[in-house]
Amino acid sequence: MAEPFIHLLRTPQNYYFYDVQKNAVVRISESLYHCLLSGISDNSTETQELKKYGFLSSKHPSCIEHSCTSHIQDYLDRSLIMMTLQVTQQCNLRCDYCLYSENSNELQRHHENKHMSFETAKRAIDFLLTHSVDSSTVSIGFYGGEPLLQFPLIKKVVEYAESLFTGKIVQFNITTNATLITDEIADYLVKKRFATTISMDGPKSIQDSHRKFPDGSGTFDIVYDRIHRLIERYPNFTPFLSVNMVIDPRRPLDEPMELIKLLPDVHIMTSEIDDFYMDEKIIPCKRYREEYEYQIFLAALYALGLLEKSCVSPVVHPIISSIQNTLIRWKHYNTFPTPSAPSGPCIPGAQRLFVSVDGTMYPCERVSEVSSILSIGNIYNGFNYSASQKMLNIAKITESHCSKCWAFHFCGGCIRDTFDGSGIPSAQKRLSKCYSYRAMGDVILYGAVMLREIPLYYREQLQEATK
Ligand code: SF4
Ligand code: SF4
């Protein structure tokens, strides 16, 4: 019998398989679980019944091809929503893990005195206008380096965009280290209802050790003061304000989380230090891993309705959403088409676009700008559709692995993860991340299965006790 395209799961209570073709989890008997585990052919009624409904198929995608490949031009020409302008490559800080800070690494650009001209910004906004026909709302973001170094340019761009977009909602956003926010700038951000994301990594001990001025002095006091002043002067602006914490997994998780107590009214998002383009790879410490696992447990309690969301660290909030989405998706499972492509890449340029200081376009700000293989065109000559198609189908470079991989629907790999500094995408680099995609797939699958199981278990216990 050809091997079924599945992934086995086992909880303390039950046995399951995840069917990749169906993208669904099925509870099975212990005996079938052991047959599947050891590859023994089984012809029980249970197996026959499952096969009747299309489960346990050994079919894999015949080749890698994303279903949107042939329509990519339509998407790119009409459905743009978010444009992020890199208004400067310069920053007034030198954070130790910042991709752009000075290091020997050739995978990413470094801080430079390059700024976007108003002419380039204007062309970019014109491009957004002509490529957002199907979008009722557009969002224009300002990114750096530190974008507030170019505050006069930002004001001109906002004024131009407001005069240009009629009949559409235009939203503005900015990601800033907050050190340059004066009262004048704060008044402006509030007046224009900028969604403002402030980068701040934790209480003083953490913030000052990572986020520093070029002379090495810490930034906690000034950033904390700026946030407090904003909240005090404009209490109604709080919904527009968020803090993005970059977590260093080499330190215990509870240390940065102290910031939540210092800023109780501010929405806090987190991400781990991104070591993808760094020379030094980040290895999480034991206490971080333990605390993280405990937070996943709390997240499960929250998802079961047994805990307030405020009791769960924001570090695992995205996992809660993934588990909940998985449970919803399982209600509508379908056999996936073949050919197909692993989850992971966005449709590059379809909804979001990053425009660098010189007008080159990239799928997003997380993609390195040092290589032309990562660009999808420029604002002067338009999209390079075939570059976008290639990025969408980046899994072709690892086709023989991906088409047999149970984590096909959980994969997070995109063009960004294939860049090793050479002029061609690297299969080896892409595959080096598989373990983390599969680990996340397991967290989501087990999380979803446990969420189904636990209420069932307690219901059965209760029935037993009240007999
Ligand atoms: S990280 Fe990758 S998938 Fe995500 S937006 Fe950027 S290019 Fe697209
Ligand atoms: S986890 Fe690895 S092998 Fe699996 S789909 Fe993603 S890139 Fe391909």
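Note that the structure is a prediction, hence the values are computed from the model and not measured.

### Describing the site of ligand 2
The immediate surroundings of ligand 2 are formed by Pro 342, Cys 402, Cys 405, Cys 411, Arg 430, Cys 434, Tyr 437 and Arg 438. If one sorts the elements of the shell around ligand 2 by residue count, helix α15 (residues 434-465) sits on top with three residues. Considering only residue class, the shell around ligand 2 consists of six nonpolar, no polar and two charged.

### Observations regarding the environment of Gln 389
Residue placement: Gln 389 occurs in helix α12 (residues 385-392). By relative accessible area, which is 27% here, Gln 389 ends up partly exposed. Sequence separation of Gln 389 and Glu 399 is 10 residues, and the distance between their C-alpha atoms is 16 Å. For Gln 389, the residues in contact, after removing those within four places along its chain, are Thr 69 and Ile 72.

### Structural notes on the site of ligand 1
Around ligand 1, a shell composed of Gly 344, Pro 345, Cys 346, Pro 363, Cys 364, Arg 366, Val 367 and Cys 414 is seen. A breakdown of the residues in the shell around ligand 1 according to their chemical character gives six nonpolar, one polar and one charged.

### A few points about helix α5 (residues 151-164)
Along its 14 residues, α5 runs 20 Å from first to last C-alpha, staying within 8% of the 20 Å computed at 1.5 Å per residue. Taken together, the buried positions of α5 are Phe 151, Leu 153, Ile 154, Val 157, Val 158, Tyr 160 and Ala 161. In this structure, the buried side of α5 is in contact with β4 (82-86), α4 (118-130), β5 (137-143), β6 (169-176) and α6 (183-191).

### Regarding the sheet that holds β4
If you trace the eight strands from one edge of the open sheet to the other, you get β9-β8-β7-β6-β5-β4-β10-β11, paired in mixed fashion. Because the sheet does not close on itself, it has two edges, and the strands there are β9 (267-272) and β11 (361-362). As defined by bridge partners, strand β8 (residues 241-247) adjoins β9 across six bridges and the pair is classed as parallel. Across the sheet, the residue bridging to Ile 247 is Glu 272, located in β9.

### Considerations on the packing of aromatic side chains
All chains considered together, the criterion is met by 17 aromatic pairs. Note on Tyr 188 and Phe 194: the rings are 6.4 Å apart at their centroids and 50 degrees apart in plane angle, and the pair reads as tilted. The pair formed by Tyr 188 and Phe 194 is uniform in burial state, with each residue classed as buried. Taken together, a centroid distance of 6.0 Å and an interplanar angle of 25 degrees make the contact between Tyr 288 and Tyr 292 stacked. Placement of both Tyr 288 and Tyr 292 in helix α10 (residues 286-303) is noted, with a separation of four residues, approximately one turn of the helix. You'll find Tyr 288 and Tyr 292 in the same group, each marked buried. Ring-pair connections join several aromatic residues into one group, and the members of that group are Phe 142, Phe 151, Phe 172, Tyr 188 and Phe 194.

### Digging into the pattern of salt bridges
A side chain with one charge may pair with a side chain of the opposite charge, provided their charged atoms come close. For the coordinates displayed, the defined rule picks out 20 salt bridges. A salt bridge links Lys 192 to Glu 162, with the shortest nitrogen-to-oxygen separation between them at 3.1 Å. One end of the pair, Lys 192, is in the loop between α6 and β7 (195-199); the other, Glu 162, is in helix α5, with 30 residues separating them in the sequence. Note on Glu 162: relative accessible area 38%, which makes it partly exposed. Here Lys 261 makes a salt bridge to Glu 258, at a shortest N to O gap of 3.0 Å. Linking Lys 261 with Glu 258, this pair stays in helix α9 (residues 254-262), spanning three residues, or about one helical turn. Given a relative accessible area of 60%, Lys 261 falls into the exposed group. Via salt bridges that share partners, Asp 183, Asp 187, Arg 229 and Arg 233 belong to a single interconnected network.

Each value, and the rule that gives it
- Residues numbered from 1 in each chain as written.
- Chains lettered and ligands numbered in written order.
- Predicted model: local features only at pLDDT ≥ 70, side-chain atom pairs only at ≥ 80, totals over all residues.
- Heavy atoms only, no water.
- Near = heavy atom within 4 Å.
- Helix = DSSP H or I, 4+ residues; strand = E, 2+ residues; numbered from the N terminus.
- Nonpolar A, V, L, I, M, F, W, Y, C, P; charged D, E, K, R; others polar.
- Buried < 20%, exposed > 50% of the residue type's maximum accessible area, 1.4 Å probe, protein only.
- Contact = heavy atoms within 4.5 Å.
- Expected span 1.5 Å × (residues − 1).
- Pairing = 2+ DSSP bridges.
- Phe/Tyr/Trp six-rings, centres within 6.5 Å; stacked < 30°, edge-to-face > 60°.
- Salt bridge = Lys/Arg side-chain N within 4 Å of Asp/Glu carboxyl O.

What is shown is where atoms sit, not what they do.
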